[in-house]
Amino acid sequence: MLAQFLQFLFSGVTVGATYALAALGFTLIYNASNVINFAQGEFIMLGGMLAVYFTQAGLPLPVALLLAILIPAIVGIIVEKLAIEPVKGAETVTLIIITIGASLVIRGLIQVWLGKNTFSLPAFSGDEPIQILGATLLPQSLWVLGVTAIVVVALWYFFNRTLQGKAMLATSFNRVAAELVGINTSWVLFMSFAMSAALGALGGILVTPITLTSYDVGIMLGLKGFVAAVVGGLGNGLGAVLGGLLVGILEAMGAGYISSSYKDAIPFVLILLILFFMPRGLFGGKSTDRV
Amino acid sequence: MKKNAYIGLYIVMAILVVLPFVVPNAFYLDLVIRMAINAVIVLGLNLLIGFAGQISLGHAGFLGIGAYASAVLPTHFGWHPVLAMLAGAVVTGLLAGLVARPIFKLKGHYLAMATLGLGIILNIALRNEAQWTGGPDGMPVPTMGLFGFELTSDKQWYWVVALLLSVSVWASLNLIDSPFGRALRALHGSEVASQVVGVDVVRYKVAIFVMSAVFASFMGSVTAHYVGFVTPNLADFFHSIELVTMVVIGGMASVYGSLVGAVLLTALPQALATFEGWETVAFGSILMLCMIFMPKGLVPTLAAKFGKGD
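Thresholds applied
Residues numbered from 1 in each chain as written. Chains lettered and ligands numbered in written order. Predicted model: local features only at pLDDT ≥ 70, side-chain atom pairs only at ≥ 80, totals over all residues. Contact = placed C-beta atoms within 7 Å. Helix = DSSP H or I, 4+ residues; strand = E, 2+ residues; numbered from the N terminus. Nonpolar A, V, L, I, M, F, W, Y, C, P; charged D, E, K, R; others polar. Buried ≥ 20, exposed ≤ 12 C-beta atoms within 10 Å, placed from the backbone. Core = buried A, V, L, I, M, F, W, Y, C linked by C-beta atoms within 7 Å. Expected span 1.5 Å × (residues − 1). pLDDT = per-residue confidence, 0-100.

1. So, the interface of chain A and chain B
Right, so step 1: Between chain A and chain B, the residue contacts involve 37 residues of the former and 35 residues of the latter.
Right, so step 2: For the side of chain A that touches chain B, the elements supplying multiple residues, two or more each, are helix H4 (92-114), helix H9 (218-231) and helix H11 (266-277) of chain A.
Right, so step 3: In terms of residues, the side of chain A that touches chain B owes the most to one element, H4 of chain A, which gives 16 residues.
Right, so step 4: Tallied by class, the residues present in the side of chain A that touches chain B amount to 27 nonpolar, 6 polar and 4 charged.

What follows is the structure, encoded as structure tokens:
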């Protein structure tokens, strides 16, 4: 009983960490621009696929991983510069369509370049499972959780202790006021795309040894990351992380105890229930809108 | 209503009357029918997106309910196709209303999230409940018929669909200029201002959402009977995106924009089929370029350029 529960918990937390990183990406861009970036999932896919490509090309693992984070970050910047910045102030639907267009282009290019096969990445430190109370934990899961934890702490430090981070935070509260005190809000938008692409890619790389990857994994991962961001109260960083973990755990529990064929539906059932009964998200604060 | 508001409608009807005599072969007739079906769905969706300012990312799910009602109820339960179609529309209406009421009390992108979730859940259910729906492979749909008359040939379908489209355009034009339409446009402009002048914002938004969902369900049934086969792809996320894209590319809040968007995006995959493997890249690039250079959509942008209102 306990062993089974722990097993589901471990796999849920591991996948949840990836959702958390994706949700943080959604949150960063949403805060900087009110855009919901539907290309977020493609950055997760890019990270995993590029890591596979570079390691198979013979590059040492650290170099391959670094490139697999840097390149998606650059792609994120290109998307922002070419597609988002020129239409600043357009209707939300227009911006959503642009990010969907970007996601199709990225997915399509990878499909043409690397094909439709499913790829795997060797685990960073072996496949010898760790036994805990009858459940097994893969060393790679520890990598996923450890790196996610470090990223969350680093982001916390960045947003609360550095000038750049505070500038980004200020922009998310009130763009006009931020501009008035001299914050370069275009730079903030630029940074948020680079950072959220890098976060997504990192999540994609970390989880690939466990879940495998292919050109089309970004759609579901991205949508679930979006669910996680809304569960946490859209725009709330800590909420995004907790939301990601919660979505991952519930998905794993649901797949284990209820029905594995409805696994992918669970996050969406969760989000509908939350929207009905706790519309600000689980961790979103109360807010009043000014007219 | 402006005096020349119907001119566009007459042009559309004239084109619809002439078209079947000029399309070169059955392939193009089929394409035209699918364009017209999409146009009706997009007209309904545009009322929601363009006039009420709300996004639905799960409209294909409603399409799916209608399509599968028309497939499952007659096949497994022996229902008359017309009854099945109505049942699909009623279920869709109830579901849409049930979901929309709590959501519309919120501001922002939550309808997008809720409809997206609903669409994905429906799609997963259609794929998994194979004993009813045939699973991922889909299932055949019985022929549509009424009073001993059966709709079978593409020519017959063409006239049915052309009639549906003309009526939808006429109804949309009238709706927009009705008090209901004015209330919708007001709440798109400013919810608070429209509340102040006595518009029940939540009720209007729910009404328009339910209406566009029922439109989609109804046309889902039509698609199912026309094609004679349904698969879960009809109800998937990508199809929802395609429908929203038709609205946005054609032009939000533009009746004729809806038609243009539906025609272009139904034809696009055919045109891109020659790109072998690059279709997704081409489709994505076209979406982005259209939105970057014409964020208001084709018809409103061109109309503004030539100095005429839509």
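2. Looking at unusual backbone geometry
Right, so step 1: Within the chain, Leu-133 of chain A stands out as a residue other than glycine whose phi angle is a positive 50°.
Right, so step 2: For Leu-133 of chain A, the position within the fold is in the loop between strand S1 (130-132) and strand S2 (135-137).
Right, so step 3: Looking at Leu-133 of chain A, the number of C-beta atoms within 10 Å reads 9, which means it is exposed.
Right, so step 4: A positive phi is found at Ala-253 of chain B, a non-glycine position, where the angle reads about 60°.
Right, so step 5: Along the chain, Ala-253 of chain B falls in the loop between helix H11 (237-250) and helix H12 (255-272).
Right, so step 6: With 23 C-beta atoms counted inside 10 Å, the residue Ala-253 of chain B sits in the buried group.

3. A look at the environment of Pro-102 of chain B
Right, so step 1: Here Pro-102 of chain B is to be found in helix H4 (residues 81-103).
Right, so step 2: Among the residues examined, Pro-102 of chain B registers 17 C-beta atoms within 10 Å and is labelled partly exposed.
Right, so step 3: Pro-102 of chain B sits 100 residues away from Val-202 of chain B along the chain, and the two C-alpha atoms are 9.2 Å apart.
Right, so step 4: Not counting residues within four places of it along the chain, the set of residues in contact with Pro-102 of chain B comprises Leu-275 and Phe-276 of chain A.

4. Digging into the nonpolar core
Right, so step 1: In terms of nonpolar packing, the biggest core is built from 187 residues, with Ala-20, Ala-201, Ala-228 and Ile-271 of chain A together with Ile-41 of chain B touching the most fellow members.
Right, so step 2: For Ile-41 of chain B, the contacting residues outside a window of four places in its chain are Leu-63, Phe-215, Ala-216, Met-219 and Leu-243 of chain B.

5. Some thoughts on helix H3 (residues 61-84) of chain A
Right, so step 1: End to end, H3 of chain A covers 33 Å across 24 residues, agreeing with the expected 34 Å (1.5 Å per residue, within 8%).
Right, so step 2: Those residues of H3 of chain A hidden inside the fold are in contact with helix H1 (2-33), helix H2 (40-56), H4 and helix H8 (185-211) of chain A together with helix H13 (279-293) of chain B.

6. Quick notes on the environment of Ala-197 of chain A
Residue and element names in this part refer to chain A.
Right, so step 1: Relative to the helices and strands, Ala-197 is located in helix H8.
Right, so step 2: Classification of Ala-197 as buried rests on a count of 33 C-beta atoms within 10 Å.
Right, so step 3: With 89 residues separating them along the chain, Ala-197 and Gly-108 place their C-alpha atoms 18 Å apart.

7. Here we look at the confidence of the model for chain B
Right, so step 1: With 96% of its residues at a pLDDT of 70 or more, chain B has an overall mean of 87.
Right, so step 2: As a predicted assembly, this complex carries a pTM of 0.88 together with an ipTM value of 0.86.

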